[in-house]
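Descriptive structure summary
Below, each chain spelled out in residue letters.
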Amino acid sequence: MSTSRIPTGEHIKFAYWVPNVSGGLVISKIEQRTHWDIDYNRRLAQTAEKAGFDYALSQIRFTAGYGAEYQHESVSFTHALLASTERLKVIAAILPGPWTPALLAKQVATINHLTHGRIAVNIVSGWFRGEFNAIGEHWLDHDERYRRSEEFIRAIRGIWSQDNFSFSGDFYRFNDYTLRPKPLDPQPEIFQGGSSRAARDMAARVSDWYFTNGNTPEGIKAQIDDIRAKAEAEGRTVKIGVNAFVIARDTEEEARQVLAEIVEQADPEAVNAFGHEVKQAGKASPEGEGNWAKSTFEDLVQYNDGFRTNLIGTPQQIAERILALKDVGVDLVLTGYLHFIEEVEYFGQKVLPLVRELEERRLRKAA
Ligand SMILES: Cc1cc2nc3c(=O)[nH]c(=O)nc-3n(C[C@H](O)[C@H](O)[C@H](O)COP(=O)(O)O)c2cc1C
């Protein structure tokens with residue numbers, strides 16, 4: 001199935017990583033003007049909303065490791081950001097295991113009512129074995145983690161949509177359960193993260209959105225083609241979000257220089273330790289295609305391979321590359337920055353209008 005799409009009026013969407021975890025998004029000693037506290041995050045969410053961002057994505061971490069010394073919990077933090085904004089949708093990261101579907105379905109239904117439907121969830125399957133050990137959670141094999149996540153998603157969808165919900169899985173059970181109140185219509189969107197075959201298969205069967213690590217347009221296209229073909233066979237559609245670490249500067253030289261400095265000042269011990277952990281976690285994916293399977297040292301300096309998407313350069317270059325991502329079927333770009341508030345503002349002023357202009361131009365050409 002081809003993913004080169006005829007342009008529609010649908011705009012590509014933008015999200016940013018919520019820094020609810022300390023230390024920034026690169027494992028480097030370079031200065032990162034960001035903060036994990038609520039005051040900084042409220043200002044950032046309001047800035048992003050004003051700049052034209054659609055979503056904010058929170059992170060879930062239970063312990064420190066490779067930076068990330070402090071970590072605020074994702075659902076409560078998500079609610080605080082929703083309460084400080086008016087239109088922004090905030091995605092709460094959820095790890096099956098520590099969360100049960102009964103608790104999550106109820107928490108999200110309540111926040112959905114409190115915020116008139118603006119909460120979404122990102123179901124993550126876990127990569128950090130040390131974290132699971134620290135909190136006394138069983139570490140399942142790679143594909144078993146996805147089997148549990150899929151049951152988790154089926155369970156929350158069932159609870160949100162049916163009365164007298166019953167479910168009998170290998171991980172979860174429900175007997176004649178009725179949640180009241182249910183979320184407002186439409187149901188909260190369900191995102192997921194991962195790149196392995198298990199992740200793609202799960203996306204095709206149960207998720208609304210598939211988030212993947214940074215990659216080249218060709219690498220992303222291969223994943224999208226696979227997911228969309230599988231989803232079509234299930235009679236479903238899945239939207240795609242890709243991670244990118246954005247370095248937008250007035251000249252390309254300046255932007256490239258910033259990347260060079262980030263990598264020069266990388267903390268090799270921490271980068272290698274992180275690389276070891278994620279590659280171990282991914283190795284268990286039988287086909288070896290998971291996130292980080294092909295990451296180099298430079299890629300690993302950014303936690304989710306964000307340099308590989310190459311949104312590094314002038315606003316014009318970045319806008320054109322975003323359109324190239326849209327051309328292969330990407331619906332949303334998840335962005336990270338070195339200096340969050342100021343760069344989100346710059347992105348909104350300089351890059352976003354160019355993206356919209358290019359989208360309009362394509363639409364006129366197609367008509
Ligand atoms: C955009 C994105 C966000 C993620 N957020 C988290 C998170 O907050 N916490 C976490 O433990 N894992 C997170 N993950 C990790 C994934 O859930 C998954 O464990 C990892 O990508 C490896 O999956 P794979 O082997 O299927 O590629 C995220 C992944 C992506 C792509």
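The coordinates are above.
The paragraphs below set out a description of the structure included in this document. Remember, it's a predicted structure, so these values are computed and weren't measured experimentally. (Residues numbered from 1 in each chain as written. Predicted model: local features only at pLDDT ≥ 70, side-chain atom pairs only at ≥ 80, totals over all residues. Heavy atoms only, no water.)

Take the overall build of the chain next. Scanning the chain for helices and strands turns up 12 helices and 12 strands. Counting across all 367 residues of the chain, residues that qualify as buried make up 56%. For the chain, the proportion of contacts with a sequence separation of at least 24, taken over those separated by at least 6, is 76%. Accessible area of the chain: about 15500 Å², with a carbon and sulfur share of 49%. Of note, the chain has its 43 positive side-chain charges centred 4 Å away from the centre of its 51 negative side-chain charges. (Helix = DSSP H or I, 4+ residues; strand = E, 2+ residues; numbered from the N terminus. Buried < 20%, exposed > 50% of the residue type's maximum accessible area, 1.4 Å probe, protein only. Contact = heavy atoms within 4.5 Å. Areas by Shrake-Rupley, 256 points an atom, 1.4 Å probe, with all protein chains shown as cover. Lys, Arg positive; Asp, Glu negative; His and termini not counted. Charge placed at Lys NZ, Arg CZ, Asp CG, Glu CD.)

It is worth spelling out the packing of helix α3 (residues 101-114) against helix α5 (residues 142-161) at this point. α5 packs onto α3 with a crossing angle of 50° between their chain directions and a minimal axis gap of 9 Å. Classified by the angle their axes make, α3 and α5 are oblique. For α3 against α5, the interelement crossing comes out right-handed. Touching Pro-101, Ala-102, Leu-104, Ala-105, Val-108 and Ala-109 of α3 are Phe-152, Ala-155, Ile-156, Ile-159 and Trp-160, all from α5. When the residues that make up the contact of α3 with α5 are grouped by side-chain class, the tally is 11 nonpolar, no polar and no charged. (Axes fitted to C-alpha atoms, helices over the stretch in contact; angles between N-to-C directions. Parallel < 35°, antiparallel > 145°, perpendicular 65-115°, else oblique. Left-handed = near helix turned anticlockwise from the far one by under 90°. Nonpolar A, V, L, I, M, F, W, Y, C, P; charged D, E, K, R; others polar.)

With that settled, the discussion passes to the sheet that holds strand β4 (residues 119-123). The eight strands lie next to each other as β1-β2-β3-β4-β7-β8-β9-β12, forming a closed barrel whose pairing is parallel. Taken over all neighbouring pairs, the strand axes of this sheet differ in orientation by 25° on average, direction set aside. Across four bridges, the pairing between strand β8 (residues 209-212) and strand β9 (residues 239-245) is parallel. The residue of β9 that forms the bridge with Trp-209 is Lys-239. Most of the contacts of α3 go to β4, to which it runs at about 155°, and overall it touches β3 (89-94) and β4. (Pairing = 2+ DSSP bridges.)

This paragraph deals with the packing of aromatic side chains. Taken as a whole and assessed by the stated rule, the structure comprises 23 aromatic pairs. Aromatic side chains Trp-36 and Tyr-70 sit 4.7 Å apart centroid to centroid with 5° between the ring planes, which places their arrangement in the stacked category. Residue Trp-36 is found in the loop between β1 (13-17) and α1 (38-51), and its partner Tyr-70 is found in the loop between β2 (55-57) and α2 (74-83); the two are separated by 34 residues along the sequence. By relative accessible area, Trp-36 is classed as partly exposed at 23%. For the pair Trp-127 and Phe-128, a centre-to-centre distance of 4.9 Å together with 10° between the ring planes defines the contact as stacked. A single burial state applies to Trp-127 and to Phe-128, both of which are buried. Taken together, the ring pairs in this structure connect Phe-14, Tyr-16, Phe-53, Tyr-337, Phe-340 and Phe-347 into an aromatic cluster. Sitting over the face of the ring of Trp-139, Arg-145 holds its NZ or CZ atom 4.1 Å from the ring centroid. (Phe/Tyr/Trp six-rings, centres within 6.5 Å; stacked < 30°, edge-to-face > 60°. Lys NZ or Arg CZ within 6 Å of the ring centre and 35° of its normal.)

Between Arg-180 and Pro-181 the backbone carries a cis peptide bond, its omega angle lying at -5°. As for its placement among the helices and strands, Pro-181 is situated in the loop between β6 (173-177) and β7 (190-193). With an omega of -5°, the peptide bond between Asp-185 and Pro-186 qualifies as cis. You can see Pro-186 is positioned in the loop between β6 and β7. Even without glycine at this site, His-116 takes up a positive phi of about 50°. Residue position: His-116 is located in the loop between α3 and β4. Overall, the relative accessible area of 68% leaves His-116 in the exposed class. The phi torsion at Asn-164 lies on the positive side, around 50°, for a residue other than glycine. Position of Asn-164 among the secondary structure elements: in the loop between α5 and β5 (165-168).

It is worth spelling out the packing of helix α6 (residues 197-206) against helix α7 (residues 217-233) at this point. When two helices pack together, their arrangement is given by the angle between the helix axes and by the axis-to-axis distance. The interhelical angle for the contact between α6 and α7, taken along N-to-C directions, is 40°, at an axis separation of 8 Å. Our classification of the angle between α6 and α7 gives oblique. Along this stretch, α6 crosses α7, giving a crossing that reads as right-handed. In this structure, α6 contributes Arg-197, Arg-200, Asp-201 and Ala-204 to the contact, and α7 contributes Gln-223, Asp-226, Ile-227, Lys-230 and Ala-231. Across the contact of α6 with α7, the residue classes break down as three nonpolar, one polar and five charged.

Attention shifts here to the site of the ligand. The local shell around the ligand holds 24 residues, among which His-142, Tyr-146, Ser-195, Ser-196 and Asn-291 are the closest. Taking His-142, its side chain carries an N or O atom lying 2.7 Å from an oxygen atom of the ligand. Measuring from an oxygen atom of the ligand, one finds a side-chain N or O atom of Tyr-146 at 2.5 Å. Elements with a contribution of two residues or more to the shell around the ligand: α5 and β8. Of the residues assigned to the shell around the ligand, the class counts are 10 nonpolar, 14 polar and no charged. (Near = heavy atom within 4 Å. Polar contact = N/O pair within 3.5 Å; in protein donor to acceptor, adjacent residues only side chain to side chain.)

Moving on, we get to the nonpolar core. Across soluble globular proteins, you tend to see nonpolar side chains buried next to one another. Counting 117 residues, the largest nonpolar core has Tyr-16, Phe-53, Ile-262 and Ile-322 as the members making the most contacts within it. A per-element tally of this core places helix α12 (residues 340-366) first, with nine residues. (Core = buried A, V, L, I, M, F, W, Y, C linked by side-chain atoms within 4.5 Å.)

Geometry only, nothing functional implied.
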